[in-house]
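Structural description and commentary
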Amino acid sequence: MFQPYLERAVSFLHASHQSFGIEGEVILPETAAKLRANYDASVVFLVRRAATPADVGDPRGPNAWLTDAAPDLVAAVAAEAAAWSAQAEQACAGLRIPCFDVGPDFERAMADAASALKR
């Protein structure tokens, strides 16, 4: 459902000739590859291959809404993040899209992703 809006957003932003970034877990590697083919766009994916309940439930992270959640919900979200990451990483490899695991070393992964976007 999101793809047509994403394509419209990229089309609009591309016409402005300015740098921009779009992120979100609903963007699939296949969609990003299509956009990359249709527009002068750089694409990277960030994943968390080994997402754990402790990582996902950390109140300092992006999922503060899980801080007081039931342990089974936190575990389910962690499992979903890890499963999505594995699928995205495999798809990225097939589509030759750079993919970086932010779990082991967030700062390094972000630096590598930024570097890949500049190429």
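Below is a summary of the structure that appears in this document. (Residues numbered from 1 in each chain as written. Predicted model: local features only at pLDDT ≥ 70, side-chain atom pairs only at ≥ 80, totals over all residues. Heavy atoms only, no water.)

As for the overall build of the chain
The condition is simple: For the purposes of this entry, the term helix denotes a DSSP run of H or I that reaches at least four residues, the term strand denotes a run of E that reaches at least two, and both are numbered from the N terminus. Any residue under 20% of the maximum accessible area for its type is buried, any over 50% is exposed, and the rest in between are partly exposed; the area is computed with a 1.4 Å probe on protein chains only. Whether two residues touch is decided by their heavy atoms; if any such pair falls within 4.5 Å, the residues are in contact.
A tally of helices and strands in the chain yields five helices and two strands. When its C-alpha atoms are laid out on the principal axes, the chain stretches across 45 × 30 × 25 Å. Of all 119 residues assigned to the chain, the portion counted as buried reaches 27%. Contacts in the chain between residues at least 24 apart in sequence constitute 64% of all its contacts with a sequence separation of at least 6.

Considerations on the layout of surface pockets
To keep it simple, the criterion reads: Only protein atoms enter the 1 Å grid used here, on which a cavity is any set of points holding a 1.4 Å probe that cannot leave and a pocket is any open set flanked by protein within 12 Å on both sides along at least five of seven lines; residues with an atom within 4 Å of a point are listed as lining. Grid points are joined across faces, edges and corners, and a volume is the space filled by probe spheres set on the points. Following the grouping adopted for this structure description, the nonpolar residues are Ala, Val, Leu, Ile, Met, Phe, Trp, Tyr, Cys and Pro, the charged ones are Asp, Glu, Lys and Arg, and the polar ones are all others, Gly among them.
Of the pockets and cavities examined, the largest pocket occupies roughly 1,800 Å³. Taken together, 46 residues line the largest pocket, and the ones lying closest to its centre are I22, E23, G24, E25 and L46. At the level of secondary structure, the elements contributing two or more residues to the lining of the largest pocket comprise α1 (3–15), α2 (29–38), β1 (45–47), α3 (53–56), α4 (71–95) and α5 (106–118). Of the residues that constitute the lining of the largest pocket, the class distribution is 27 nonpolar, eleven polar and eight charged.

What about unusual backbone geometry?
In most cases, non-glycine residues show a negative phi, while peptide bonds are predominantly trans. A positive phi angle, near 55°, is found at R96, a position not held by glycine. Within the element layout of this structure, R96 appears in the loop between α4 and β2 (99–101). Residue R96 is classed as exposed on the basis of its relative accessible area, which comes to 74%.

Digging into α1
Owing to its 3.6 residues per turn, the α-helix brings residues three or four apart onto one side. Selection criterion: The span one expects for a helix is its residue count, reduced by one, times 1.5 Å.
Here α1 spans 18 Å end to end across 13 residues, near enough to the 18 Å set by a 1.5 Å rise per residue. With its phi angle positive at about 60°, H17 sits one or two positions after the end of α1.

Comments concerning the environment of V43
Relative to the helices and strands, V43 is located in the loop between α2 and β1. Remark: the alpha-carbon pair of V43 and P29, spanning 14 residues in sequence, is separated by 8.9 Å. Apart from residues lying up to four places away in sequence, V43 is in contact with A32, R36, I97, P98 and L117.

Remarks on the environment of T52
Inspection of the secondary structure puts T52 in the loop between β1 and α3. The sequence separation of T52 and A79 amounts to 27 residues, and the corresponding C-alpha distance is 7.5 Å.

Describing the packing of α2 against α4
So the rule is basically this: Note on geometry: axes are C-alpha line fits, over the in-contact stretch for helices, and angles between N-to-C directions span 0 to 180 degrees. Each angle gets one of four labels, with under 35 degrees taken as roughly parallel, over 145 as roughly antiparallel, 65 to 115 as roughly perpendicular, and the rest as oblique.
Contact geometry of α2 with α4 gives a least axis separation of 9 Å together with a crossing angle of 30°. As far as their axial angle goes, α4 and α2 are roughly parallel. In this structure, α2 uses P29, E30, A33 and R36 to contact α4, whose residues at the interface are A88, A91, C92 and L95. Split by residue class, the contact of α2 with α4 holds six nonpolar, no polar and two charged.

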